[in-house]
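These are the residues of each chain, in order.
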Amino acid sequence: NVKLGVDKYFGLSAHTGDVADSHDIYQLSTTDLSQKDADLKALREDYKKFIDEQQEAHDSITTKEFQHNAMTLLHQIQGSLVLLENAMEEKTAETKKLKRSTTGNADSILTEINELSNVLRKVNEAVELTKNHAPVDRDFITRQMNAIKGE
């Protein structure tokens, strides 16, 4: 869940790199999703309490703990990416194998379809592992890990 609090503002800007460029905004529509009987004062206090708790948790973590947590997450993401790469390589190999065996009988085709199904299951498992992580390329992960290690 995302907590945004209340009393937020919208800002619009645009930049294309050209000095003399201009942009026109023709319409901006917003909708208030608050309940009609919402107690804004209580919402503000709850949000301030939430922010204070987050800040306290942030302030209490040491640099070493942060580096450890970051390395752990990067390692998990890298492991998930390796699983995805391996599963995709297996799928590619199985697909080529299936294409070569179009002259086979129905039983062998069914066996190959089952093998492909297992590969897809592995891909889905790897996707589930990475579901909460933004896509990150391996070079990025390696650079980040090296930066944290001080290399």
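The structure reproduced in this document is the subject of the present report. (Residues numbered from 1 in each chain as written. Predicted model: local features only at pLDDT ≥ 70, side-chain atom pairs only at ≥ 80, totals over all residues. Heavy atoms only, no water.)

## Some words on the overall build of the protein
Looking only at helices and strands, one finds four helices and zero strands in the protein. Reading the protein from its N terminus to its C terminus gives the helix and strand order α-α-α-α. In the protein, buried positions account for 13% of the 151 residues. Considering only contacts within the protein whose residues lie at least 6 apart along the sequence, 76% involve residues at least 24 apart. (Helix = DSSP H or I, 4+ residues; strand = E, 2+ residues; numbered from the N terminus. Buried < 20%, exposed > 50% of the residue type's maximum accessible area, 1.4 Å probe, protein only. Contact = heavy atoms within 4.5 Å.)

## Things to note about a nonpolar patch on the surface
Judged by side-chain polarity, F10, L12, I25 and L28 come together as a nonpolar surface patch covering roughly 470 Å² of accessible area. Residue I25 is classed as exposed on the basis of its relative accessible area of 56%. (Patch = residues over 30% accessible without salt bridge, like charges linked within 9 Å, V, L, I, M, F, W, Y side chains within 5 Å. Areas by Shrake-Rupley, 256 points an atom, 1.4 Å probe, with all protein chains shown as cover. Salt bridge = Lys/Arg side-chain N within 4 Å of Asp/Glu carboxyl O.)

## Observations concerning the layout of surface pockets
Taken as a whole, the largest pocket spans an internal volume of roughly 720 Å³. Lining the largest pocket are 22 residues, with L4, G5, V6, D32 and S34 positioned closest to its centre. For the lining of the largest pocket, the class distribution of residues is 11 nonpolar, five polar and six charged. (1 Å grid on protein atoms, 1.4 Å probe; cavity = no way out; pocket = protein on both sides within 12 Å on 5 of 7 lines; lining within 4 Å. Points joined across faces, edges and corners; volume = space filled by probe spheres on them. Nonpolar A, V, L, I, M, F, W, Y, C, P; charged D, E, K, R; others polar.)

## Brief notes about the packing of aromatic side chains
Applying the stated rule across the entire model yields one aromatic pair. When the ring of Y47 is compared with that of F50, the centres are 6.4 Å apart and the planes differ by 35 degrees; the resulting orientation is tilted. Of the two residues, Y47 and F50 both sit in helix α1 (residues 40-60), three residues apart, roughly one turn of that helix. (Phe/Tyr/Trp six-rings, centres within 6.5 Å; stacked < 30°, edge-to-face > 60°.)

## As for the pattern of salt bridges
Counted according to the given criterion, the structure contains one salt bridge. Here D52 makes a salt bridge to K48, at a shortest N to O gap of 3.1 Å. Residue D52 and its partner K48 are located together in helix α1, separated by four residues, close to a single helical turn. On the accessibility criterion, K48 (53% relative accessible area) is exposed.

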